[in-house]
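Listed below, chain by chain, are the residues.
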Amino acid sequence: MPLLDIATTQPCVRTNVCSQSPSEELNEREKLRRMRISKANKGNTPWNKGRKHSPETLQRIRERTRLAMQDPKVKMKLVNLGHAQSEETRLKIGVAVRMGWERRRGKLMLQENLPL
């Protein structure tokens, strides 16, 4: 009975020598495994949703983050995280913020003018 390569579902030689190198195959298998787990967990509420971290856990997170930020790889990864908005997007955001201020100001004026 021939063995199957999980990533490509093609038969492998009995010596387990497939078209991919072992690290690539492992990587593909890991991706497949993670995809299946993700699919199975869709729609489920996490067990820790809404819970707060304990002070000890927060301290450990702070320490590990401080330690990780000393690593140049991690720093370089975070440098490119954000991006600047275009001028058009900035104008849209500004209009929306001003509209929110106007609405709030209108509500406050109504409250002030209502007799008690």
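Everything quoted here is computed from the prediction, not taken from an experiment. (Residues numbered from 1 in each chain as written. Predicted model: local features only at pLDDT ≥ 70, side-chain atom pairs only at ≥ 80, totals over all residues. Heavy atoms only, no water.)

What is the right way to look at the overall build of the protein in this model?
From N to C terminus, the protein includes 4 helices and 2 strands. Every one of the 116 residues in the protein was classed for burial, and the buried ones make up 4%. For the protein, the computed accessible surface area is about 11,600 Å², with 58% contributed by carbon and sulfur atoms. (Helix = DSSP H or I, 4+ residues; strand = E, 2+ residues; numbered from the N terminus. Buried < 20%, exposed > 50% of the residue type's maximum accessible area, 1.4 Å probe, protein only. Areas by Shrake-Rupley, 256 points an atom, 1.4 Å probe, with all protein chains shown as cover.)

In this structure, what is going on with the pattern of salt bridges? I would like to understand it.
Side chains bearing opposite charge may pair, as long as their charged atoms lie close to each other. In this structure the tally under the stated criterion is 5 salt bridges. Ionic pairing is found between E30 and R33, a salt bridge with its closest N-O pair at 2.8 Å. One end of the pair is E30 and the other is R33, both in helix α1 (residues 22–41) and 3 residues apart, which spans about a single turn. The class for E30 is partly exposed, based on a relative accessible area of 26%. Across the pair E87 and R90 runs a salt bridge, and its minimum N-O distance is 3.5 Å. On the criterion of helical spacing, the pair formed by E87 and R90 is a turn pair, its members being 3 residues apart in helix α4 (residues 87–113). The partly exposed category is assigned to R90, whose relative accessible area is 47%. The structure contains a network of salt bridges with shared partners spanning E30, R33 and R34. (Salt bridge = Lys/Arg side-chain N within 4 Å of Asp/Glu carboxyl O.)

I would appreciate a short explanation of the confidence of the model for the protein in the present structure.
Close reading of the predicted structure is inappropriate where its pLDDT is low. Taken over all residues, the pLDDT of the protein has a mean of 83, while the share at 70 or more is 81%. Every residue in residues 1–17 scores below 50 in pLDDT, and together they form 24 contacts with partners more than four places removed in sequence or on other chains. (pLDDT = per-residue confidence, 0-100. Contact = heavy atoms within 4.5 Å.)

Would you mind going over a nonpolar patch on the surface with me for this structure?
Together, M69, L78 and L81 make up an exposed nonpolar region whose accessible area comes to about 280 Å². In this fold, L78 is placed in helix α3 (residues 72–79). (Patch = residues over 30% accessible without salt bridge, like charges linked within 9 Å, V, L, I, M, F, W, Y side chains within 5 Å.)

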